[in-house]
Amino acid sequence: MNDFSRLDAITVEQLRAAGSTKWTTHPDTIGAWIAEMDFGIAEPITSALHEVVDQARFGYNPPSLVADLGRAYAEFSARRYGLGPDPEMVRPLPDVLAGMAAIIDHYTPAGSAVIVPTPAYMPFLLLPDWWGDREVIQVPMARDGDRWVYDLDAIGAAFDAGAHLLTLCNPHNPIGRVLTREEMLAIADVVEAKGGLVFSDEIHAPLVYPGSQHVPYASLDERTAAHTITATSASKSFNLAGLKCAQIVFSNPEHRATWAKAGRWVEQGVSLPGIVANITAYREGDPWLLETLAYLDRNRKALTGLVADKLPGVRYSEPEGTYLALLDFRETGLGDNPAAVFQEEVKVVLTPGPACGEAGRGFARLNFGTPLPVLEEIIDRIGRVLAARA
Ligand SMILES: Cc1ncc(COP(=O)(O)O)c(C=O)c1O
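Worth saying up front: this structure is predicted, and the values here are computed from it rather than measured.

## Comments concerning the nonpolar core
Okay, step 1: Core analysis: the largest hydrophobic core is formed by 75 residues, its most contacted members being Leu-303, Leu-350 and Leu-366.
Okay, step 2: Take this core: its biggest share by element is 9 residues, from helix α15 (residues 286–310).
Okay, step 3: Both domain 1 (5–31 + 286–388) and domain 2 (57–284) contribute no fewer than three residues apiece to this core.
Okay, step 4: Sequence-distant contacts of Leu-303, that is, excluding residues within four places in its chain, are made with Tyr-316, Ala-325, Leu-366, Phe-368, Leu-375 and Ile-379.
Okay, step 5: Core analysis: the next-biggest nonpolar cluster, separate from the first, contains 29 residues, Ile-104, Tyr-107, Phe-124 and Phe-250 among them.

## Details of the sheet that holds strand β7 (residues 163–169)
Okay, step 1: Read from one edge of the open sheet, 7 strands run β2-β10-β9-β8-β7-β3-β4, paired in mixed fashion. Across the chains shown, the open sheet's two edge strands, defined by having one partner strand only, are β2 (90–93) and β4 (136–140). Here the average twist between neighbouring strands, direction ignored, is 25°.

## Brief notes about the environment of Trp-259
Okay, step 1: Mapped onto the fold, Trp-259 is located in helix α12 (residues 253–262).
Okay, step 2: Considering only alpha carbons, one finds Trp-259 and His-106, 153 residues apart in sequence, at a separation of 8.4 Å.
Okay, step 3: In this view, Trp-259 contacts Arg-91, Pro-92, Leu-93, Ala-102, Tyr-107, Ile-248, Phe-250, Arg-264, Val-266 and Glu-267; residues no more than four positions away in its chain are not counted.

## A look at the site of the ligand
Okay, step 1: By nearness alone, every residue bordering the ligand is listed as Ala-35, Asp-95, Val-96, Leu-97, Tyr-121, Cys-169, Asn-173, Asp-201, Ile-203, His-204 and Lys-236.
Okay, step 2: Within the backbone of Val-96, a nitrogen or oxygen atom sits 2.8 Å from an oxygen atom of the ligand.
Okay, step 3: Asn-173 is positioned with one of its side-chain polar atoms (N or O) 2.7 Å from an oxygen atom of the ligand.
Okay, step 4: Protein contacts shield 92% of the accessible area of the ligand, which totals 390 Å² for the unbound molecule.

## Describing the domain arrangement of the protein
Okay, step 1: As assigned here, the protein comprises domain 1 (5–31 + 286–388) and domain 2 (57–284).
Okay, step 2: Contacts between the two partners involve 28 residues from domain 1 and, on the opposite side, 34 residues from domain 2.
Okay, step 3: When domain 1 packs against domain 2, the two sides together hide about 2,600 Å² of surface, and 58% of this comes from carbon and sulfur.
Okay, step 4: Considering only the side of domain 1, the residues that lose the most area to domain 2 are Asp-286, Glu-320 and Thr-322, jointly responsible for 25% of the buried surface there.
Okay, step 5: Here domain 1 is connected to domain 2 by 3 salt bridges.
Okay, step 6: When the shortest N-O distance is used, the salt bridge between Asp-286 and Arg-79 registers 2.9 Å.
Okay, step 7: Applying the counting criterion to the domain 1 and domain 2 interface returns 12 residue pairs in polar contact (both at pLDDT 80 or more).
Okay, step 8: Put simply, the parts of the chain that give the side of domain 1 that touches domain 2 at least two residues each are α15, β11 (324–328) and β14 (363–367).
Okay, step 9: With 9 residues, α15 is the largest single contributor of residues to the side of domain 1 that touches domain 2.
Okay, step 10: Residues belonging to the side of domain 1 that touches domain 2 are distributed by class as follows: 16 nonpolar, 5 polar and 7 charged.

## A few points about the pattern of salt bridges
Okay, step 1: Enumeration over the complete set of coordinates arrives at 24 salt bridges.
Okay, step 2: For Glu-358, the salt bridge identified is with Arg-361, shortest N-O distance 3.1 Å.
Okay, step 3: Its salt-bridge partner being Glu-377, residue Arg-381 comes within 2.7 Å of it at the nearest N-O pair. Separated by 4 residues within a single helix, Arg-381 and Glu-377 lie in helix α17 (residues 372–389), roughly one turn from each other.
Okay, step 4: Via salt bridges that share partners, Asp-68, Arg-71, Glu-75 and Arg-283 belong to a single interconnected network.

## Thoughts on the packing of helix α6 (residues 96–107) against helix α7 (residues 122–132)
Between two packed helices, both the angle of their axes relative to each other and the distance between the axes serve to describe the pair.
Okay, step 1: Running from N to C, α6 and α7 point in directions that differ by 45°, and their axes come no closer than 10 Å. By the angle between their directions, the pair α6 and α7 is classed as oblique. The interaxial crossing formed by α6 with α7 has right-handed handedness. Contacts between α6 and α7 involve Leu-97, Met-100, Ala-101, Ile-104 and Asp-105 from the former and Pro-123, Phe-124, Leu-127, Pro-128 and Trp-131 from the latter.
Okay, step 2: Residues of the contact of α6 with α7, tallied by class, amount to 9 nonpolar, no polar and 1 charged.

Scoring rules and cut-offs
Residues numbered from 1 in each chain as written. Predicted model: local features only at pLDDT ≥ 70, side-chain atom pairs only at ≥ 80, totals over all residues. Heavy atoms only, no water. Core = buried A, V, L, I, M, F, W, Y, C linked by side-chain atoms within 4.5 Å. Buried < 20%, exposed > 50% of the residue type's maximum accessible area, 1.4 Å probe, protein only. Helix = DSSP H or I, 4+ residues; strand = E, 2+ residues; numbered from the N terminus. Domains from an automatic or database assignment. Contact = heavy atoms within 4.5 Å. Pairing = 2+ DSSP bridges. Axes fitted to C-alpha atoms, helices over the stretch in contact; angles between N-to-C directions. Near = heavy atom within 4 Å. Polar contact = N/O pair within 3.5 Å; in protein donor to acceptor, adjacent residues only side chain to side chain. Areas by Shrake-Rupley, 256 points an atom, 1.4 Å probe, with all protein chains shown as cover. Buried area = accessible area lost by both parts, 1.4 Å probe. Salt bridge = Lys/Arg side-chain N within 4 Å of Asp/Glu carboxyl O. Nonpolar A, V, L, I, M, F, W, Y, C, P; charged D, E, K, R; others polar. Parallel < 35°, antiparallel > 145°, perpendicular 65-115°, else oblique. Left-handed = near helix turned anticlockwise from the far one by under 90°.

Spelled out as structure tokens, the structure:
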């Protein structure tokens, strides 16, 4: 039996005092937006970072440490996903978005568009234009009953319209889906037919609930290995985003060879404490991760009851991975951006659905990586908004 009392007891006052972005950007609100969790970090990571400080390890990144990051990730991947890459094919990134920018720069034809299935992680829609003056082709996902699924015909049409890069996000922020092997093979057929490249963002891969299994897209077969560049990090699952370390994982030797030059300055942005923290997370973080996942699993299930009891007309399906839930408010009469109404009226901050693309209108993204009593307060407050309009 898990004892959740320690995490249940964390208070809003403590969270504000700890000073995260989620809890300090909008004063006096309850933060449920940016993807930070409220559970601190794993003790082995704290110890490893103390050692970095005590030994004043603030110089440049030694090649041996970078090589160790590749090994630690490969071991973690083998343990959790059943298959680890060759450590030589893993290189450090400051963060996953720096990986996306580098892929656009060095692995796609000049001027080609980028396909972003929507609803999407918000920066996917902005970065290609801001960084590379590239067009984004939004492809709304389709519905299969209560599930979101990729619209393969529309993705094919987007390739035909001049795109080269398909952005995959698995597990998916914000919809919480974990793709099945069959779904990914069907996507691979389209990418192969069109000669495209996949940027596979697997940053949430450690955060998958019982009933689903993360399968790295590039590991499916020779085709996906050849047409994919993957990025991941311990940053979301172990709360390390500010330490600036992620991983780019190559599965095509030609892509890896290009990185020798293309990645040189990108890799300069990686921090040494971040590398140490990622290595420690991958090698010693399993107990903390399992405890955190169990807590999040309880929250995602509790949310089903809370939505049913307190949010009439709102639709929610339990995510298969991530600590993010995309709530569907379209039948509540709150308009395109319900998150703006909640922030204004009851001081709860969610991520606006429209920031996730056209397909996000009428939705809001809720971060349930928070103590259950705080989650209950969030839903109570949203419930008051709905009750006032009933
Ligand atoms: C799907 C996804 N990709 C990338 C990021 C950002 O990661 P990074 O800080 O490593 O760029 C996030 C952050 O929430 C995310 O959810």
